[in-house]
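# Per-entry structural report
One letter stands for each residue in the lines below.
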Amino acid sequence: MVKAVVEVNNISKVYKMEEVEVPALMNVSLTIKTGEFVSIVGKSGSGKSTLMHIIGALDRPTTGSVVVNGRDISKMNEAQLASLRNKEIGFVFQAFNLLKRTTALDNVELPLIYANIHEKERIKKAKEMLIKVGLEDRMHHLPNQLSGGQQQRVAIARALINDPSIILADEPTGNLDSKSGRAILDILENLNREGKTVIIVTHDMEVAREAKRIIKIVDGRITS
Ligand SMILES: Nc1ncnc2c1ncn2[C@@H]1O[C@H](COP(=O)(O)OP(=O)(O)OP(=O)(O)O)[C@@H](O)[C@H]1O
Ligand SMILES: [Mg+2]
């Protein structure tokens, strides 16, 4: 039997804004197995990013529990969550989220600094990752000297640097033309083939169909 890498058990998320409560997720349960490629689809505001942030330990559910690699993250403290995010999860966002005045190489090295890896090893690993995503000739460029597709590849290299078992990608092709978007999807597919669990959020059905399983969210509930 294939192990579950992510188990979401009956979670709800309610954002509190002053006096108003905004329900974003209601009674959501799902299991994702090791090595799966899953896409999460739904309209704007349906709760996709909220679910992604909770799976990635960037945010906590209001009720319910989330188990990642066999550990209940609802019970972890901030330091344990930070370590989980650094070592076991690779995040890729729509807006790339690179540091502006920092070269591609330094952006990719960053998670290794937090992991206390010494400089020589950091540079070696970061270069390997940039080569893997096809950016061997762009290592010393700043983000604004790179195309959107190249910036997203830097972000993927950074997400991969600590060899996470799970890649979470929130609209990774949302800001890209179709050709650069295709290149990013190819990289994610290759990573999945190498054994990584890939979870991708998108509102684009064509992108979603790349995955072997599609989870649909409507108004904070999973409908299929
Ligand atoms: N920090 C927050 N505070 C209050 N409400 C929030 C917050 N973040 C999200 N929401 C609300 O929760 C709901 C779900 O938002 P979420 O960002 O998860 O949607 P989404 O499916 O990712 O949408 P999109 O496709 O536009 O990115 C929305 O109604 C949104 O307004
Ligand atoms: Mg979103």
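Only a predicted model underlies this, so the values are computations on that prediction, with no experimental measurement involved. (Residues numbered from 1 in each chain as written. Chains lettered and ligands numbered in written order. Predicted model: local features only at pLDDT ≥ 70, side-chain atom pairs only at ≥ 80, totals over all residues. Heavy atoms only, no water.)

This part is about the overall build of the protein chain. The secondary structure content of the protein chain amounts to seven helices and 10 strands. What you see for the protein chain is a C-alpha radius of gyration of 17 Å, in line with the 17 Å of a compact globule of 224 residues. Taking the principal axes of its C-alpha atoms as reference, the protein chain extends roughly 45 × 45 × 40 Å. In the protein chain, the share of contacts with a sequence separation of at least 24, taken over all contacts with a separation of at least 6, comes to 70%. Surface summary for the protein chain: the accessible area is close to 11500 Å², and the carbon and sulfur share equals 50%. (Helix = DSSP H or I, 4+ residues; strand = E, 2+ residues; numbered from the N terminus. Rg over C-alpha atoms; globule rule 2.2 N^0.38 Å. Contact = heavy atoms within 4.5 Å. Areas by Shrake-Rupley, 256 points an atom, 1.4 Å probe, with all protein chains shown as cover.)

All residues adjacent to ligand 1 are Tyr15, Met17, Val22, Ala24, Lys43, Ser44, Gly45, Ser46, Gly47, Lys48, Ser49 and Thr50. Within the backbone of Gly45, one N or O atom sits 2.8 Å away from an oxygen atom of ligand 1. When isolated, ligand 1 has an accessible area of 640 Å², and the protein chains bury 61% of it. Contributions of two or more residues to the shell around ligand 1 are made by β1 (4–17), β2 (20–33) and α1 (48–55). Here the element with the most residues in the shell around ligand 1 is α1; it accounts for three residues. (Near = heavy atom within 4 Å. Polar contact = N/O pair within 3.5 Å; in protein donor to acceptor, adjacent residues only side chain to side chain.)

A few words on helix α6 (residues 178–193). Over its 16 residues, α6 extends 22 Å from the first C-alpha to the last, a length consistent with the 22 Å expected when each residue adds 1.5 Å. Taken residue by residue, α6 has Ser180, Gly181, Ile184, Leu185, Ile187, Leu188, Glu189, Leu191 and Asn192 as its buried positions. Each element contacted by the buried residues of α6 is listed here: β3 (37–41), α4 (119–132), α5 (148–160), β7 (166–170), β8 (197–202) and α7 (205–208). Looking at where α6 begins, the residue whose side-chain oxygen comes 3.0 Å from the main-chain nitrogen of Lys179 is Asp177. Once α6 ends, the next one or two residues include Gly195, with phi positive near 115°. (Expected span 1.5 Å × (residues − 1). Buried < 20%, exposed > 50% of the residue type's maximum accessible area, 1.4 Å probe, protein only.)

A contiguous nonpolar surface patch, about 270 Å² in accessible area, is contributed by Met17, Val20 and Val22. With respect to the helices and strands, the residue Met17 is situated in strand β1. (Patch = residues over 30% accessible without salt bridge, like charges linked within 9 Å, V, L, I, M, F, W, Y side chains within 5 Å. Salt bridge = Lys/Arg side-chain N within 4 Å of Asp/Glu carboxyl O.)

With that settled, the discussion passes to the UniProt feature "domain: ABC transporter" (unreviewed entry) in the protein chain. UniProt tags residues 6–224 as "domain: ABC transporter" (unreviewed entry). Secondary structure across residues 6–224 divides into 35% helix and 29% strand, with the first and last C-alpha atoms of the span separated by 18 Å. (UniProt positions renumbered as here; feature names shortened; annotations may be inferred.)

Our focus in this paragraph is the packing of aromatic side chains. A ring pair, where both rings are aromatic, is described by two values, the distance of the centres and the angle of the planes. Taken as a whole and assessed by the stated rule, the structure comprises one aromatic pair. With 5.9 Å between their ring centres and 5° between their planes, Phe91 and Phe93 make a pair best called stacked. (Phe/Tyr/Trp six-rings, centres within 6.5 Å; stacked < 30°, edge-to-face > 60°.)

Here we come to the pairing of strand β4 (residues 63–68). Strand direction decides the pairing type here: β1 and β4, joined by five bridges, are antiparallel. The partner of Glu7 across the bridge, within β4, is Val67. In this structure, β4 lies alongside strand β5 (residues 71–72), joined through two bridges in antiparallel fashion. Each residue of the ladder has a partner; that of Val68, found in β5, is Arg71. Between β4 and the antiparallel strand that follows it, β5, lie two residues; Asn69 among them carries a positive phi value of about 45°. (Pairing = 2+ DSSP bridges.)

Across the sheet, which stays open at both edges, the four strands sit in the order β2-β1-β4-β5 with antiparallel pairing between neighbours. In the strand order of this sheet, the two ends are held by β2 and β5, each with one partner. Note that β1 and β2 share 10 bridges and pair antiparallel. Counted as the bridge partner of Val6 is Ile32 from β2. Packed on one face of the sheet, α1 meets β1, β2 and β4 and runs near 120° to β1. (Axes fitted to C-alpha atoms, helices over the stretch in contact; angles between N-to-C directions.)

All right, on to the environment of Asp219 then. Structurally, the position occupied by Asp219 is in the loop between β9 (213–218) and β10 (221–222). In sequence terms Asp219 and Ser46 are 173 residues apart; their C-alpha atoms lie 4.5 Å from each other. Among all residues touching Asp219, those that are not within four sequence positions of it are Met26 and Ser46.

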